[in-house]
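Report on the structure
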Amino acid sequence: MIRTNPQAPFERYADDGIIHCKTETEAKEILKQLNQRLGECKLELHPMKTKIVYCKDKDRKKEYPNTEFDFLGYTFRRIFIKDKLGRLQFNFLPSVSKKSAKAFRDKIKAMRIHSLTGSKIEMIAERINPLVRGWLNYFTKYNPSAVKYTMDCLNRRLVKWAMCKYKKFRGHRRRAEIWLRELAKREPNMFPHWALGMIP
């Protein structure tokens, strides 16, 4: 890339990469060169992952078959979002991918928080916070609102734990939600997502 296409910036992580092109013609030509070069090295591009993507936004409004891609756990796509001046418009930005969000929810589910009825909520926090904090630190750098659904799922797990732990909440989800919300307001730093305002 440096030798033959210095005009096209690119990023690579392990065997994944992105190349930025100004036109579709340039993209097709570089793709042809890559196929040839990798062939010389007895390698090949992944037939399913490799694609030319049109970065559709407020300025690029044409219709193309591929308008989004995944890279390092993020999905890059057109999003209707406020800009720095507070105006709502389409921008091409990264957000946590569906695959990354589901993998995190699966990890939380596997912890079976609701079954830890012998633990205080502070102990639950101590157990899950390193995972939650690391995930949020990585996925809230861009479009932080995209993680809200996943954090809502975590809050529901905590509500379920409260319903299992305390007799007064058994069969009364609403009461458990109110109790947890009040706790989140009093102790917003107990969980990393509460500190970001994502309370029950």
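Read on for an overview of the structure. Treat the numbers as computed from the prediction; the structure is a model and nothing was measured.

So, about the layout of surface pockets. Taking a probe equal in size to a water molecule and rolling it over the atoms shows the remaining empty space. Taken as a whole, the second largest pocket encloses approximately 230 Å³ of empty space. The wall of the second largest pocket is formed by 13 residues, among which Arg 77, Ser 95, Val 96, Ser 97 and Lys 98 lie closest to the centre. Where the lining of the second largest pocket is concerned, the elements lending two or more residues are strand 4 (74–82), strand 5 (88–96), helix 2 (98–110) and helix 4 (148–165). Here the lining of the second largest pocket gets three residues from one element, more than from any other, and that element is helix 2. The residue inventory of the lining of the second largest pocket, partitioned by class, reads four nonpolar, four polar and five charged.

In terms of strand pairing, strand 1 (residues 10–13) meets strand 2 (residues 16–19) through four bridges, oriented antiparallel. The residue bridging Glu 11 from the neighbouring strand is Ile 18, located in strand 2. The hairpin turn running from strand 1 into strand 2, its antiparallel successor, is two residues long, and Ala 14 in that turn takes a positive phi close to 55 degrees.

Turning our eyes to something else, we now look at a nonpolar patch on the surface. Together, Tyr 13, Leu 72 and Tyr 138 give the surface a local cluster of nonpolar side chains, amounting to about 310 Å² of exposed area. Mapped onto the secondary structure, Leu 72 falls in the loop between strand 3 (69–71) and strand 4.

Attention now moves to the pattern of salt bridges. Following the criterion strictly, the structure yields ten salt bridges and no others. A salt bridge links Lys 56 to Glu 63; its shortest N-O distance comes to 2.6 Å. A relative accessible area of 10% means that Lys 56 is categorised as buried. Accessibility expressed as a relative area gives 65% for Glu 63, which makes it exposed. Across the pair Lys 185 and Glu 182 runs a salt bridge whose closest N-O atoms are separated by 3.9 Å.

A few words now on the side chain of Asn 143. With respect to the helices, strands and loops of the structure, Asn 143 is situated in the loop between helix 3 (121–139) and helix 4. Engagement of the side chain of Asn 143 in a polar contact is seen with the side chain of Ser 145, the distance being 3.0 Å. Residues within four places of Asn 143 in sequence aside, it is in contact with Ile 79, Ile 81, Pro 94 and Ser 95.

A few words on the nonpolar core. Among the nonpolar cores identified, the biggest contains 37 residues, and Trp 135, Met 151, Phe 191 and Trp 194 are the most heavily contacted of them. Where this core is concerned, the elements lending two or more residues are strand 3, strand 4, strand 5, helix 2, helix 3, helix 4 and helix 5 (173–186). With eight residues, helix 3 is the largest single contributor of residues to this core. Excluding residues within four positions of it along the chain, Phe 191 makes contact with Ile 121, Ile 124, Ala 125, Ile 128, Asn 129 and Leu 158.

Across the sheet, which stays open at both edges, the three strands sit in the order 3-4-5 with antiparallel pairing between neighbours. Looking at the sheet topology across the chains shown, the edges are occupied by strand 3 and strand 5. Averaged over all pairs of adjacent strands, the angle between their axes in this sheet comes to 50 degrees, without regard to strand direction. Note: strand 4 against strand 5, nine bridges, orientation antiparallel.

Using the criterion set out here, one finds 16 aromatic pairs in the structure. A ring pair is formed by Phe 69 and Phe 76, whose centres lie 4.8 Å apart and whose planes are at 5 degrees; its orientation type is stacked. Phe 76 shares its class with Phe 69; the two are buried. Ring centres 6.1 Å apart and planes at 80 degrees place the aromatic pair Trp 161 and Tyr 166 in the edge-to-face group. Note on Tyr 166: relative accessible area 28%, which makes it partly exposed. Feature note: the residues Tyr 74, Phe 104, Trp 135, Tyr 138, Phe 139 and Tyr 142 constitute an aromatic cluster, connected by ring pairs. The ring centre of Phe 90 lies 3.8 Å from the NZ or CZ of Arg 78, which sits over that ring. Taking NZ or CZ as reference, Lys 165 lies 5.6 Å from the ring centre of Tyr 166, over its face.

The rules behind each value
- Residues numbered from 1 in each chain as written.
- Predicted model: local features only at pLDDT ≥ 70, side-chain atom pairs only at ≥ 80, totals over all residues.
- Heavy atoms only, no water.
- 1 Å grid on protein atoms, 1.4 Å probe; cavity = no way out; pocket = protein on both sides within 12 Å on 5 of 7 lines; lining within 4 Å.
- Points joined across faces, edges and corners; volume = space filled by probe spheres on them.
- Helix = DSSP H or I, 4+ residues; strand = E, 2+ residues; numbered from the N terminus.
- Nonpolar A, V, L, I, M, F, W, Y, C, P; charged D, E, K, R; others polar.
- Pairing = 2+ DSSP bridges.
- Patch = residues over 30% accessible without salt bridge, like charges linked within 9 Å, V, L, I, M, F, W, Y side chains within 5 Å.
- Areas by Shrake-Rupley, 256 points an atom, 1.4 Å probe, with all protein chains shown as cover.
- Salt bridge = Lys/Arg side-chain N within 4 Å of Asp/Glu carboxyl O.
- Buried < 20%, exposed > 50% of the residue type's maximum accessible area, 1.4 Å probe, protein only.
- Polar contact = N/O pair within 3.5 Å; in protein donor to acceptor, adjacent residues only side chain to side chain.
- Contact = heavy atoms within 4.5 Å.
- Core = buried A, V, L, I, M, F, W, Y, C linked by side-chain atoms within 4.5 Å.
- Axes fitted to C-alpha atoms, helices over the stretch in contact; angles between N-to-C directions.
- Phe/Tyr/Trp six-rings, centres within 6.5 Å; stacked < 30°, edge-to-face > 60°.
- Lys NZ or Arg CZ within 6 Å of the ring centre and 35° of its normal.

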